[in-house]
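Understanding the architecture of this molecule
For reference, the chains in residue letters:
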Amino acid sequence: MRNGKGSMNRRGFLKGAAVGAAAGAAALVAPRVGVPGSLASAAASAALPEPVRLTPAQTAELQARETAPLPPEQESLTVSDPGSDFMVDVLKTLNFEYIAANPASSARGLHESLDSYGGNKNPEWLTCCHEVIALNIANGYYAVEGRPMAVFTFVPAGLHNSLTAISGAYGANTPSYILVANIADAEQRRAQQDWGGHSMTDPAAIARPLLKWDDNPPALQHFAESAVRAYKIAMTEPRGPVLLVVDASLAELPIPDRSKLSIPKLTLTSPPAADPAAVAEVAKLLVAAENPLILAGDFARDEEGMKLMVELAETLQAPVQGGGRGMPNRHPLSGGGSVPSADVILGFNRGSMFTDLYRSTDQQLKTSVRRTRPVAKVITISADDLLLHGNYQHVGRFAEVDLSLTGDPQATLPSLIEACKKLITSDRRRVLEARGKKIAAETARRREELLTYCTYGWDASPISQPRLAMETWDVVKRKDWALVSRGHPLWNADKFYRRMGAAGGGGVGGALPISIGAALAHRKHGRLCVNFNPDGDMMFVPGALWSATHHRIPLLIIMENNRAYHQEVMHLQRIANRRQRGQDIAHRGASGTTITDPNIDFAQLARSMGAYAEGPITDPKDLRPALLRAVERVEKGEVALLDTVVQPR
Amino acid sequence: MNRFVRHRSVRIAAAGLMIAVALIVARLGAEAQTPGATPGAQTAPAGNTQNGKRIFASYGCFQCHGREAQGGIAGPRLGPNPVPFVAFSRYIRQPAGQMPPYTSKVVTDTELADIYAFLQSLPQPPKDIPLLNN
Ligand SMILES: Cc1ncc(C[n+]2csc(CCOP(=O)(O)OP(=O)(O)O)c2C)c(N)n1
Ligand SMILES: [Mg+2]
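Quick caveat: nothing in here was measured; it's all calculated off a predicted structure. (Residues numbered from 1 in each chain as written. Chains lettered and ligands numbered in written order. Predicted model: local features only at pLDDT ≥ 70, side-chain atom pairs only at ≥ 80, totals over all residues. Heavy atoms only, no water.)

**With respect to the overall build of chain B**
Looking only at helices and strands, chain B features six helices and zero strands. Secondary structure elements in chain B, listed N-terminal to C-terminal, are α-α-α-α-α-α. Within the span of chain B, comprising 134 residues, buried residues form 52% of the whole. Considering only intrachain contacts with a sequence separation of at least 6, the fraction spanning at least 24 residues in chain B is 67%. (Helix = DSSP H or I, 4+ residues; strand = E, 2+ residues; numbered from the N terminus. Buried < 20%, exposed > 50% of the residue type's maximum accessible area, 1.4 Å probe, protein only. Contact = heavy atoms within 4.5 Å.)

**Comments concerning the pairing of strand 16 (residues 555-560) of chain A**
Residue and element names in this part refer to chain A. Of all six residues making up strand 16, six are buried, and the element is well covered by its neighbours. Residue alternation in strand 16 divides its side chains into two sets, L555, I557 and M559 and L556, I558 and E560, and both sets are buried. Where strand 15 (residues 528-534) meets strand 16, five bridges bridge the pair, whose relative direction is parallel. Each bridged residue has a counterpart across the sheet, and for P534 the counterpart in strand 16 is E560. (Pairing = 2+ DSSP bridges.)

**Examining the pattern of salt bridges**
All names here are of chain A. Counted under the stated rule, the structure contains 36 salt bridges over all chains. In this structure, the salt-bridge partner of D81 is R258, at a minimum N-O distance of 3.7 Å. Note that D81 is positioned in the loop between helix 4 (72-75) and helix 5 (83-93) and R258 in the loop between helix 11 (248-252) and helix 12 (276-288), a separation of 177 residues in sequence. A salt bridge links D480 to R498, with the shortest nitrogen-to-oxygen separation between them at 3.0 Å. Of this pair, D480 sits in the loop between helix 17 (465-476) and strand 14 (481-483) while R498 sits in the loop between strand 14 and helix 18 (511-523); the two residues are 18 residues apart in sequence, bridging distant segments of the chain. Residues participating in the shared-partner salt-bridge network are E97, E145, R147 and K524. (Salt bridge = Lys/Arg side-chain N within 4 Å of Asp/Glu carboxyl O.)

**Examining the pairing of strand 9 (residues 344-348) of chain A**
All names here are of chain A. Judged by how many residues are buried, strand 9 sits mostly within the fold: five of five residues are covered. Summarising the sheet, strand 7 (residues 292-296) and strand 9 pair through five bridges and their orientation is parallel. Bridging from a neighbouring strand, A296 pairs with F348 of strand 9. Note that strand 9 and strand 12 (residues 377-382) share five bridges and pair parallel. Bridging across to strand 12, F348 finds its partner in I381.

**A closer look at the packing of helix 5 of chain A against helix 6 (residues 108-117) of chain A**
Residue and element names in this part refer to chain A. In the contact formed by helix 5 and helix 6, the axes pass within 8 Å of each other and the chain directions differ by 65 degrees. The angle between the axes of helix 5 and helix 6 places the two elements in the roughly perpendicular class. Crossing handedness for the pair helix 5 and helix 6: right-handed. The segment helix 5 lies against helix 6, with S84, D85, M87, V88, D89 and L91 engaging G109, L110, S113, L114 and Y117. Residue composition of the contact of helix 5 with helix 6, by class: six nonpolar, three polar and two charged. (Axes fitted to C-alpha atoms, helices over the stretch in contact; angles between N-to-C directions. Parallel < 35°, antiparallel > 145°, perpendicular 65-115°, else oblique. Left-handed = near helix turned anticlockwise from the far one by under 90°. Nonpolar A, V, L, I, M, F, W, Y, C, P; charged D, E, K, R; others polar.)

**Here we look at the coordination of the magnesium ion (ligand 2)**
All names here are of chain A. With distances of 2.0 to 2.2 Å, the protein atoms coordinating the magnesium ion (ligand 2) are D535 (OD), N562 (OD1) and A564 (O). Going along the chain, you hit the donors of the magnesium ion (ligand 2) in the pattern D-x26-N-x1-A. Linking D535 in helix 19 (residues 535-540) with N562 in the loop between strand 16 and helix 21 (566-578), this pair joins segments that are 27 residues apart in sequence. (Donors = N, O, S within 2.8 Å, 3.2 Å for Na, K, Ca; no water.)

**A few points about the environment of T425 of chain A**
All names here are of chain A. Here T425 lies in the loop between helix 15 (409-423) and helix 16 (426-455). Residue classification places T425 among the partly exposed positions, given a relative accessible area of 46%. Spatially, the C-alpha atoms of T425 and V639 are 55 Å apart, while their sequence positions differ by 214 residues.

**Things to note about the side chain of S352 of chain A**
Residues and elements named next belong to chain A. For S352, the location among the structural elements is in the loop between strand 9 and helix 14 (354-357). A polar contact is formed between the side chain of S352 and the backbone nitrogen of F354, at a distance of 3.1 Å. Separated by 2.6 Å, the side chain of S352 and the backbone oxygen of R397 make a polar contact. Excluding residues within four positions of it along the chain, S352 makes contact with V395, G396, R397 and A399. (Polar contact = N/O pair within 3.5 Å; in protein donor to acceptor, adjacent residues only side chain to side chain.)

**Structural notes on the nonpolar core**
Residue and element names in this part refer to chain A. Counting 58 residues, the largest nonpolar core has M149 and I557 as the members making the most contacts within it. Viewed by domain, this core spans two of them, domain 2 (83-260) and domain 4 (455-563 + 599-644), each represented by three or more residues. Apart from the residues within four sequence positions on either side, M149 is in contact with F96, Y98, I99, A100, L126, I137, A138, Y141, Y177 and L520. (Core = buried A, V, L, I, M, F, W, Y, C linked by side-chain atoms within 4.5 Å. Domains from an automatic or database assignment.)

**Some remarks on the sheet that holds strand 7 of chain A**
Residue and element names in this part refer to chain A. Taken in spatial order, the five strands of this open sheet run 8-7-9-12-13, and their pairing is parallel. Looking at strand neighbours, the two that pair on one side only are strand 8 (320-322) and strand 13 (403-406), the edges of this open sheet. The average angle at which neighbouring strand axes cross in this sheet is 15 degrees, direction not considered. Sitting on the sheet, helix 12 touches strand 7, strand 9, strand 12 and strand 13, and the angle it makes with strand 13 is about 135 degrees.

**So, the interface of chain B and chain A**
Across the contact, 58 residues belong to chain B and 83 residues belong to chain A. For the chain B and chain A pair, buried surface summed over both sides reaches about 6,400 Å², with 59% attributable to carbon and sulfur atoms. In this structure, the connection of chain B to chain A is made through zero salt bridges. Taken together, chain B and chain A are joined by 16 residue pairs in polar contact (both at pLDDT 80 or more). Taken together, the residues of the side of chain B that touches chain A sort by class into 35 nonpolar, 16 polar and seven charged. (Buried area = accessible area lost by both parts, 1.4 Å probe.)

**As for a nonpolar patch on the surface**
All names here are of chain A. A cluster of nonpolar side chains, contributed by V508, F540 and Y565, occupies part of the molecular surface with about 270 Å² of accessible area. Its location among the elements puts V508 in the loop between strand 14 and helix 18. When its relative accessible area of 37% is taken as the criterion, V508 is described as partly exposed. (Patch = residues over 30% accessible without salt bridge, like charges linked within 9 Å, V, L, I, M, F, W, Y side chains within 5 Å. Areas by Shrake-Rupley, 256 points an atom, 1.4 Å probe, with all protein chains shown as cover.)

**Observations regarding the packing of aromatic side chains**
Residue and element names in this part refer to chain A. This structure, assessed with the given rule, holds 15 aromatic pairs over all chains. Ring pairs connect the aromatic residues W473, W481, W491 and F532, which therefore count as one cluster. The ring of W195 is capped by R189, whose NZ or CZ atom sits 4.4 Å from the centre of that ring. When the ring centre of Y497 is taken as reference, the NZ or CZ atom of R527 above it lies at 3.6 Å. (Phe/Tyr/Trp six-rings, centres within 6.5 Å; stacked < 30°, edge-to-face > 60°. Lys NZ or Arg CZ within 6 Å of the ring centre and 35° of its normal.)

**Considerations on the sheet that holds strand 16 of chain A**
Remark on secondary structure: sheet strands pair via backbone hydrogen bonds, oriented parallel or antiparallel. Residue and element names in this part refer to chain A. The parallel open sheet is built from five strands, whose spatial order is 14-15-16-18-17. Strands at the two margins of the open sheet, each flanked by one partner only, are strand 14 and strand 17 (612-617). Each strand axis lies, on average, 20 degrees off the axis of its neighbour in the sheet, ignoring direction. Here three bridges tie strand 14 to strand 15, and the two strands are oriented parallel to one another. Its bridge partner being in strand 15, L483 is matched across the sheet by V530.

**Brief notes about the state of the cysteines**
Taken as a whole, this structure holds zero disulfides over all chains when the rule is applied. No disulfide involves C128 of chain A; its nearest neighbouring cysteine sulfur is the one of C129 of chain A, lying 7.3 Å away. The thiol of C454 of chain A is not disulfide-bonded; the next cysteine sulfur, from C64 of chain B, is found 18 Å away. (Disulfide = S-S within 2.5 Å.)

Listed below in structure tokens is the structure:
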């Protein structure tokens, strides 16, 4: 197996030299390397101006050595058809645009194939300064693009580094496509580096509690099938991260027989819609309800999801709370209604709904009181129960509901809308329309209240969060903008792509790389991407900025710099108050919670990695001109960061 | 797509935030209009505005209510025109929601009066802000 077709081995090279030797002894100067003992020095000195004449015996000995069998490591020094070239063929059929990674030697086989054989295109390598950045850039990309970006890490260290982001992917149902390099065969490991540093018995075990599926293919055909299967499984609802081990020997050794290899066709699985009989039951409840309320999580996969949610809301003239990018936030039915007044509550991809249905307080004695009307019927539609891992508690506290449908919410919408429409008589329609008008008036009033709320602290320094949001809005609103972070409710998110889908970074440090991955997905559409990024988050993985500048990913980053881990500041205050000793916490700056002394110069940090940056900006009057300058840079394709110092929350 | 931990680093959708703020606004409306409550200015003890401003920061009120008591997503607006003093002090001592309690060991009655004076002294917000008209 070692001898690949057409590989130029050492013996062949020496044969050529030997032919030369027959033409003249001086030709023996060529193969200096590997010629031992006195012969070597004789041959070496042949390179000097005075050629050395070998005795016939020396010539014979040299020729005998040249034709003697060589040890295997000298036998096969090159390979022309490495396994990883085939792996690249497989990845290309999956149509990955990018592969996010930090390089490592156990991955060098595939890395080189991606670069030379694959032409560093589809997928193109994104250089990431930490594996958690790679994973989260991919998570953010998916949240906009709707399909995965490949990620590469080595084991154990690289995969360990990426775990936080994999947990975020698991929690947000992101189909991360993770390739990890391993060297299974002891003989293929470099004795010094590879045992501890690059090899594991079962690499996926590190991440398995978070994975939807993984495999460790021992042969190339198996790799092809598992690579396609991994993609399919990751993308089947409910989606989740998958991992494939790339064995370094498989990648670096030649392909035994390419004609025997084939790459299976990828066929994605259609999402499961809920049981039609149960859907009919839900429709009955919804149409008969006096005060229905739709509570939606992030459910929409595409523009169609948004259209369907609007259609359901309008069919029922029912208010929708939440819904993320699946519900335009300025729709008259968006944000209306309330849990305590509803008689039918439809939870749409909303988890256990405990936090919706109960009012809980974080006091010394924790209490949770159900806030629904006694008559209220609660319905849930989600596919959550189909993908759960025991060690993670994303399930939320158990809440009693009346009807629970397992099914993909978006896939269930068409039949639910249809079933509702069938039940709505013209009399009922008139009632619903009157209700819709009331809800529209209510949401308009809430918006007015919010506008008034925003006027307080308008001129404050540090800058108030609404001021920051609205100054930014005024500069971006006439452009084709997209938010790649949390935004503000007063922005008009009229299109599906204005906001991204659920993306879990797995904790603090996720926001920046997620926004970069999301901005990368928007780049081909030329959209102006805006990320409001907290300071503590940025300091976890500031190196992500460099990936953005290096790969020319246009992005406007506006710091929510409150110079603190402010959430933790509030927690310490809360606990101290309970113990009746909280008075000077904020005054002295509770240990471990502030990010001052020295203040971080985020503008300088960003500039050091090639971004355009300004700040710190503390006076709200300075915002507009800075925003205009920054947006101009972003529109030219740059990364621009404004270090804006803001009110705590 | 709904299981992700809702904390700071996970970006929440704009609509969700609107509801959070709307709820705060709505609750405030309800609490501020407690029937029979005497207007604050009439019953509030005289307080030291400067000291109130200082304590508002050093005792941590700003963390949730903003440095100018303007409110945010972690706590409602408190001033200007605070709720009547009786309701104000009762709430701080025995909050019914998420706010941590401040007993008299932490904030004395005199200090509460100072904070109240500070809240009363806050300027009215600007009117007709063009940026809020769209
Ligand atoms: C990986 C990780 N480490 C620590 C935490 C705990 N934590 C939650 S919020 C928070 C503060 C984050 O600070 P910042 O990003 O500046 O946001 P702020 O709270 O100041 O608005 C911390 C440390 C976490 N959620 N994730
Ligand atoms: Mg912070």
